[in-house]
Amino acid sequence: MKKQFFILWAMVAMASTCLAQSWPEATREAKPGTRWWWLGSAVDKKNLQWTMRQYAEHGIGAVEITPLYGVQGNEQKGERFVAGRNIDYLSDHWMDMLQFTQSQGTLQDIEIDMATGTGWPFGGPWVPLEESACKVVFVDTCFVGKKVVDLPLTVPEKDRKYSRLQKVMIYGIDGSAKEPPAPADVTDLVVDGKLTWTAPKGHKKDTWRVIAVYARYGVMKVKRAAPGGEGLVVDHFDRKAVANYLRHIEEAFERTNTPYPHTFFNDSYEVADATWTTNFFEEFEKRRGYKLEDHLLELLNGMAAYKSAMKELAEKRKDNPNDLSHFVIGIGNKELVDYRETLGDLLLENFTEQWTAWAHKHGAITRNQAHGSPANLIDCYAAVDIPEIEGFGLSEFGIKGLRTDPGKTRKNDSDYSMFKYAPSAAHVCGKPYTSSETFTWLTEHFRTSLSQLKPDLDLMFCAGVNHMFFHGTCYSPQDDAWPGWKFYASIDMSPTNSIWRDAPYFMQYVERCQSFLQWGQPDNDFLVLLPVRDAWKQWTGKLLMQFSIHAMGKLMPEFIKTILDIDRAGYDCDYISERLLMGVTYKDGMLETKAGTRYKGLIIPGSGNMPETVKAHIDELKAQGANIFYQNDAASNHFFNIEKILKTAAKPEPMKTECGLKAIRRKNATGYHYFIANLTPHDIDAVEPLSVDFKQAVWFNPLNGAITPATFDEDGLRITLRSGESMILQTYSEAMPLNNSGTTLGDTVAIAIPGPWTLSFTEEAPRVLKTFALEKPQTWETLDDDSVKVTMGTGVYTTHVKLTKADMKDAACWQIDLGDVRESARVYINGQFIGCAWSVPFVLTFDGALKEGDNELRIEVTNLPANRIADLDRRGVKWRKMEEINVVDINYKKTTYDQWEPVPSGLNSEVKLIKYNK
């Protein structure tokens, strides 16, 4: 067979003990965190203690408490408090549970975070109507003549009760004078919702347009609120309202002398109907330099033009219903852009910055999801301590051997370009951590495997995430009937899920990766100015523009294409806002942010529309020698143009351009380190140069902790990654001696494992009392036994393999290829633990376990809960016992699982040994 001249990544564990190199010290922050839903806040000390011990033992380093709606029938009854039933948010009992949780966090070394409210968005019963989220309502009417008496300016019935008049303006629109009169503020002339007004002299025949502006309060209540947290959503644009909201939470901590959490969290901005705030007119004039009320005609005329265009497009789309071009129509006017920018400013200053300052005052920090907000996302992410992005769905990479589940998954709305927003703000501003809401809605409930988690997490890592949080974990009492308490849209990383058994190996992978990704400093090539003004100018049918993960593909398609082209061209970049760009300087041939992060150039995509002050600053940087690239200077936006232009400033990474690998590079005191993932359908075995100079390089395998020297010569460094694999590469600027220079491996020899096999069960439910004799490995739902078809747990496959002296001769190391595993497998050879295979390819490397003669092979395969939950539904067991939304499908529809076909469970292909000769 072909000689193997590369270093086997997973070589032997002992290799790591022979090298001077070592893994970075893993802090608590390197461990994965999880959003921890408290249903009804019905927690008790006994179960908190048990639960947190489980989390610690499995490798979770942080929990974020988010109280939600409760479990049916679990309300407190009577005056006597009963442990284990619902607890009102911020009550003395609730604060007592928080204090106990904090004490357990100290004991188990788990960081305790909490959302700054219940459910989402921020709100509660202490938010008064006048401080609640509000929308603008326009009452638009006309009259002809020299005066009007008792003109009704009535708000539609559905909005009337909670609407308050803000402003009434009158505009001359068809006058006989050469110039129409200036807009007039006639608010003071409105009595009981009716206007009486006389036209100025000289305009007796004019047509007049009257626009009344109302603020309609109470547009949203807290979603999924917990007991004691139900109420109106606060006005995020109003400084006083936000301050009062936070003061109420502060009072609970002070009243009970409870320590503040490590981190306060804020979920994505989802107040879709909040388009106004009480003092918007004053704030607008202060920021934009003119009165919006004088230009309501322009604002509303633009909206009318959009509605007219929508009607035309509706006719056109009859022949092509999939045409999405109706989403964005034409270009909005200045007033629209200024309105949207002002809302963004108010959110940033009155909510995000004030919330972070409040947390800092109490010794806490903030973690924030800015996406969904109407503001420049980079500014909002930059205003907090830990910016957080979100994955929503399952990416389709085509990785070989990765399980698919047609019809039971949803497309990931967060692509690589979306993942880069939060890391960009962190990199530009020198923040050490970027977190992620990870694994939201990958698949239907009870059908997500550990192997499906890794590719999407690897993509997040390549984008710059280094502090991931599961979405999530639901608190459930230890003795509650299976499946316990559940939350929808969740990966369900909890003790009641069968994947929990082998989850510690996934947690170790995360910890190893994040220990490297949190070390050193970012080293991306270019800054890219976020073209937010191009987006703000688009009419979408709504005044409010929300930069949500679900809408970005429609709002900023050209920007997304630019980012993906930059990546394909072999470079990496960070996004920057106009505000942050104003602090960038040119030093020693590179651009440098205020935080000291350095870049080789600035890319300006889109129209280049920006304030004159920003443009002047860029011109000054360019005059000093900085590389400035305007995208609209190029003939087109195609990949080859970007590649050609950027080569003048930076070296591309051939591992990206030639191999299609995803990677992120960071720098450290001794050189650089890369996280590299093969998210393609192809196995990679190539020699490629790196974009940075180096004299020594070492591979770190995050799956098993092995460390092996890299092989390289003048042509480049050898990269060998199977489809789905990932590695960490560390390079060194100076040559350094290695105690073990690696082993050149020769032929490979595959040794079949003929069987027979036995299959028994452990930790299973329902119980399987039989042991099965198998000629070859097969999944257990195919066996002729009713209990095994529905069980959830671990099947133990056992066989023996005889090896001759010739088989053992010249063996450098071994691999066991498990083929198709459903869903994770621990392997033991002659009683020695070899490892856990939980991700594709399901291959483990080992040395020293085999011997000449008889060898016992034991493979413990753990399946998914899908077959068991389907059986409960077929038998009519009532397990959906949560209040409100309960458990829904990936399309948010009520569902049952009784029609599910059995999900394969166990070994689904042949198993073979592979010997690597010396």
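Above this text is the structure in question.
Quick caveat, the model's predicted, so the values are computed rather than measured. (Residues numbered from 1 in each chain as written. Predicted model: local features only at pLDDT ≥ 70, side-chain atom pairs only at ≥ 80, totals over all residues. Heavy atoms only, no water.)

> How would you explain the overall build of the protein if you had to name every residue and give the values?
Across its full length, the protein holds 22 helices and 47 strands. Computed over the C-alpha atoms, the radius of gyration of the protein is 31 Å, within 12% of the 29 Å expected from 2.2 N^0.38 for a compact globule of 918 residues. Seen through its C-alpha atoms, the protein measures out along the principal axes to roughly 115 × 75 × 60 Å. Residue burial in the protein is summarised as follows: out of 918 residues, 62% are buried. Once local pairs closer than 6 in sequence are excluded, the contacts in the protein between residues at least 24 apart make up 80%. (Helix = DSSP H or I, 4+ residues; strand = E, 2+ residues; numbered from the N terminus. Rg over C-alpha atoms; globule rule 2.2 N^0.38 Å. Buried < 20%, exposed > 50% of the residue type's maximum accessible area, 1.4 Å probe, protein only. Contact = heavy atoms within 4.5 Å.)

> Describe the environment of C836, naming the residues involved and giving the relevant values.
Tracing the sequence through the fold places C836 in strand β43 (residues 832–837). You can call C836 buried: its relative accessible area is 10%. Spatially, the C-alpha atom of C836 lies 9.3 Å from that of L703, the residues being 133 residues apart in sequence. Apart from residues lying up to four places away in sequence, C836 is in contact with D502, Y505, A825, R826 and L844.

> I'd like to hear about the nonpolar core, residue by residue, with values.
Grouped together as the largest cluster of nonpolar side chains are 232 residues, with contacts concentrated most on W276, Y421, M493, F547, F675, L818 and I859. For this core, the leading source of residues is helix α7 (residues 334–361), giving 11 residues. (Core = buried A, V, L, I, M, F, W, Y, C linked by side-chain atoms within 4.5 Å.)

> Provide a residue-level description of the sheet that holds β43, including the pertinent values.
Within a sheet, neighbouring strands are paired by backbone hydrogen bonds and run either parallel or antiparallel to one another. Spatially, the 6 strands line up as an open sheet ordered β38-β37-β39-β45-β42-β43, and their pairing is antiparallel. Among the strands making up the open sheet, the edge pair consists of β38 (772–774) and β43. Neighbour to neighbour, the strand axes of the sheet diverge by 25 degrees on average, direction disregarded. Pairing of strand β37 (residues 757–765) with strand β39 (residues 792–803) involves 6 bridges; the strand directions are antiparallel. By the bridge assignment, S760 is partnered in β39 with V796. (Pairing = 2+ DSSP bridges. Axes fitted to C-alpha atoms, helices over the stretch in contact; angles between N-to-C directions.)

> Tell me what's going on with the environment of P865, and back it up with residues and numbers.
Looking at where P865 falls in the secondary structure, it is placed in the loop between β45 (853–862) and α22 (866–874). On a C-alpha basis, the gap between P865 and F446 in space is 5.3 Å, while along the polypeptide they are 419 residues apart. Excluding residues within four positions of it along the chain, P865 makes contact with F446, W482, N497, S498 and M792.

> Describe empty space enclosed by the protein, naming the residues involved and giving the relevant values.
To find leftover empty space, a probe the size of one water molecule is rolled over the atoms. Tallied over the full model, the rule gives 10 cavities of 30 Å³ or more. Empty space within the largest cavity amounts to approximately 190 Å³. Looking at the largest cavity, it is lined by 25 residues, and the ones nearest its centre are F122, N266, D267, S268 and Y269. Of all the secondary structure elements, the ones that give two or more residues to the lining of the largest cavity are β2 (62–68), β13 (263–266) and α7. (1 Å grid on protein atoms, 1.4 Å probe; cavity = no way out; pocket = protein on both sides within 12 Å on 5 of 7 lines; lining within 4 Å. Points joined across faces, edges and corners; volume = space filled by probe spheres on them.)

> Can you tell me about the layout of surface pockets, naming the residues and giving the values?
The space that makes up the second largest pocket amounts to roughly 630 Å³. Surrounding the second largest pocket, 32 residues form its lining, S268, Y269, E270, S548 and H550 being those nearest its centre. The residue inventory of the lining of the second largest pocket, partitioned by class, reads 15 nonpolar, 9 polar and 8 charged. (Nonpolar A, V, L, I, M, F, W, Y, C, P; charged D, E, K, R; others polar.)

> I'd like a rundown of helix α11 (residues 450–463), residues and numbers included.
Its 14 residues give α11 an end-to-end C-alpha distance of 21 Å, which sits within 8% of 20 Å, the value for a rise of 1.5 Å per residue. The buried fraction of α11 is high, at 14 of 14 residues. Phi turns positive, to about 125 degrees, at G464, one or two residues after α11. (Expected span 1.5 Å × (residues − 1).)

> Quick rundown of the pattern of salt bridges? Include the residues and the values.
One pass over the structure, following the stated rule, counts 60 salt bridges. The shortest N-O distance in the salt bridge between D405 and R447 comes to 2.7 Å. Taken together, the positions of D405 in the loop between β16 (386–392) and α9 (416–419) and R447 in the loop between β17 (435–440) and α11 put the pair 42 residues apart, joining distant regions of the chain. Summarising the burial analysis for this pair, D405 and R447 share the class buried. A salt bridge links R598 to E592, with the nearest nitrogen and oxygen atoms 2.9 Å apart. Assigned by exposure class, R598 and E592 land together as buried. Where salt bridges share partners, they join E283, K286, R287, R288, E341, D345, E349, D379, R533, E578 and R579 into one cluster. (Salt bridge = Lys/Arg side-chain N within 4 Å of Asp/Glu carboxyl O.)

> Any chance you could break down the side chain of T473 for me, citing the residues and the numbers?
Examined against the element boundaries, T473 turns out to sit in strand β18 (residues 467–474). Its relative accessible area of 0% is what places T473 among the buried residues. A distance of 2.7 Å separates polar atoms of two side chains, one belonging to T473 and the other to T34. In this view, T473 contacts T34, R35, W36, W37, Y55, M493 and S494; residues no more than four positions away in its chain are not counted. (Polar contact = N/O pair within 3.5 Å; in protein donor to acceptor, adjacent residues only side chain to side chain.)

> I'd like to hear about the packing of aromatic side chains, residue by residue, with values.
The description of an aromatic ring pair uses the distance of the two centres, along with the angle that the planes make with each other. A complete count under the given rule lists 54 aromatic pairs for this structure. Where Y421 meets Y575, the ring centres are 4.8 Å apart and the plane angle is 80 degrees; that geometry is what we call edge-to-face. Within this pair, whereas Y421 is found in helix α10 (residues 421–429), its partner Y575 is found in strand β22 (residues 573–576), the two being separated by 154 residues in sequence. The class of Y575 is buried, set by a relative accessible area of 0%. Through a chain of ring-to-ring contacts, the aromatic side chains of W36, W38, Y55, Y89, W94, F122, W126, Y245, F351, W355 and W500 assemble into a single cluster. Here the guanidinium or amino end of K662 rests over the ring plane of Y416, the centre of that ring lying 4.2 Å away. Over the ring of Y897 we find R880, and its NZ or CZ is 5.0 Å from the ring centre. (Phe/Tyr/Trp six-rings, centres within 6.5 Å; stacked < 30°, edge-to-face > 60°. Lys NZ or Arg CZ within 6 Å of the ring centre and 35° of its normal.)

> I'd like a description of the pairing of strand β44 (residues 843–846), backed by residues and values.
Along β44, one buried face is formed by V843 and T845 and the opposite face, lined by L844 and F846, is buried too. Strand direction decides the pairing type here: strand β40 (residues 811–817) and β44, joined by 4 bridges, are antiparallel. Residue pairing in the sheet places W814 in a bridge with F846 of β44.

> An account of the packing of helix α4 (residues 239–256) against α7 is requested, with residue identities and associated values reported.
The contact between α4 and α7 brings their axes to 9 Å, and the two run at 30 degrees. Considering the angle they form, α4 stands roughly parallel to α7. Of the two elements, α4 crosses α7, and the hand of that crossing is right-handed. Two secondary-structure elements touch here, α4 through R239, V242, A243, L246, I249 and E250 and α7 through E349, N350, F351, Q354, W355, W358 and K361. Partitioning the contact of α4 with α7 into residue classes produces 7 nonpolar, 2 polar and 4 charged. (Parallel < 35°, antiparallel > 145°, perpendicular 65-115°, else oblique. Left-handed = near helix turned anticlockwise from the far one by under 90°.)

> Quick rundown of the sheet that holds strand β29 (residues 671–677)? Include the residues and the values.
Read from one edge to the other, the open sheet built from 6 strands follows the order β19-β28-β29-β35-β31-β32, with strand pairing classed as antiparallel. Edge positions in the open sheet fall to β19 (521–522) and β32 (707–709), since each of these has one partner strand only. As paired strands, β19 and strand β28 (residues 662–668) are joined by 2 bridges and run antiparallel to one another. The residue bridging Q521 from the neighbouring strand is K667, located in β28.

> Can you tell me about unusual backbone geometry, naming the residues and giving the values?
For the bond from W120 to P121, the omega torsion is -15 degrees, close enough to zero to count as cis. Mapped onto the fold, P121 is located in the loop between β3 (111–115) and β4 (123–124). One non-glycine residue, D150, adopts positive backbone phi at about 55 degrees. Within the element layout of this structure, D150 appears in strand β6 (residues 147–152).

> Hey, could you go over the pairing of β16 for me, with residue numbers and the actual values?
When you tally the buried positions in β16, you get 7 out of 7 residues, the bulk of the element. Residues I386, E388, E390 and F392 line one face of β16 and the alternating positions P387, I389 and G391 line the opposite face, and both faces are buried. Relative to β16, strand β15 (residues 365–368) is paired through 2 bridges, and the arrangement is parallel. Across the sheet, residue N368 finds its bridge partner in β16, namely P387. Sheet topology note: the β16/β17 ladder contains 4 bridges and is parallel. Bridge assignment links F392 to a residue of β17, and that residue is T440.

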